[in-house]
Amino acid sequence: IKRMKGLSISRPIIYGNSATPLHGKKVGDSDHTHRWTISVRGVNNEDISYFVRKVAFKLHDTYENPNRVIEKPPFEVTETGWGEFDIIIKIHFNPVSGEKPLTLYHHLKLHPYEEDGLGNPWPKQKPVTSYSYDEIVFNEPIDTFYNLLQEN
Ligand code: SLL
């Protein structure tokens, strides 16, 4: 294998969650209050599957099968629940990259901020969102992976 000495290349991603209240609608016999979606995606919903092989989301242990592995886009998990917790996100890259998986953390946000920023209470139907922007930097990538990133 040949590495691109002295070079690095980066790709932007967005990860985080949206959540909407169930407003008393019952989900089975549970005490769940919200429906939420955690996701990893490209900027402007760009397809990231050419360099992301799969994404593992580790949910709170109160969930059945808390380790959710998503093998193709959209890399997201939708669930219902009652509480906020930290989600461990493990991004596995295309095997040609030879890169180790990358671990990110996201605090699942269900409850709105007190106000909308203009002094008004948060609108009841408005989804709560919490997203982060990040850039994944590949240092001295393997040449075939570098070319793959360049071509996409
Ligand atoms: C809290 N430390 O106490 C947190 C834990 C756990 C969230 C939140 C239910 C999952 C299920 C669920 O929302 N768990 O019923 O399957 O706030």
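Each chain has its residues counted from 1, running along the sequence as written. Confidence filtering applies because this is a predicted model: local features only for residues at pLDDT of at least 70, side-chain atom pairs given and counted only at 80 or more, and all residues used for totals across whole chains, interfaces and linings. Just so you know, side-chain values use all the structure's heavy atoms and leave hydrogens and water out.

(A) Spatial organisation of the sheet that holds strand 7 (residues 102-107). DSSP bridges decide pairing: two strands pair if at least two such bridges lie between them. Each helix is a run of DSSP H or I of at least 4 residues and each strand a run of E of at least 2, with the numbering of both proceeding from the N terminus. Strand order in this open sheet of four strands is 4-3-6-7, and the pairing throughout is antiparallel. Each edge of the open sheet is held by one strand with a lone partner, namely strand 4 (67-70) and strand 7. Shown here is a sheet whose adjacent strand axes are inclined to one another by a mean of 20°, direction ignored. Bridge analysis of strand 3 (residues 52-58) against strand 6 (residues 86-93) gives six bridges, and the strand direction is antiparallel. Note on definitions: angles span 0 to 180 degrees between N-to-C directions of axes, and those axes are lines fitted to C-alpha atoms, for helices only across the stretch in contact.

(B) View of the packing of aromatic side chains. Aromatic pairing here means that ring centres of Phe, Tyr or Trp (its six-membered ring) are within 6.5 Å. Orientation follows from the plane angle: under 30 degrees is stacked, over 60 is edge-to-face, and everything else is tilted. Evaluated as defined, the whole model comprises seven aromatic pairs. An angle of 45° between the planes, with centres 5.8 Å apart, marks the rings of Tyr63 and Phe85 as tilted. Taken together, the residues Tyr63 in the loop between strand 3 and strand 4 and Phe85 in the loop between strand 5 (75-81) and strand 6 connect sequence positions 22 residues apart. Each of the two residues, Tyr63 as well as Phe85, counts as buried. Pairing Phe93 with Phe138 gives two aromatic rings, centres 5.1 Å apart and planes at 85°, and the pair type is edge-to-face. Burial classification: accessible surface area is computed with a 1.4 Å probe over protein chains only, and a residue below 20% of its type maximum counts as buried, one above 50% as exposed, and the rest as partly exposed.

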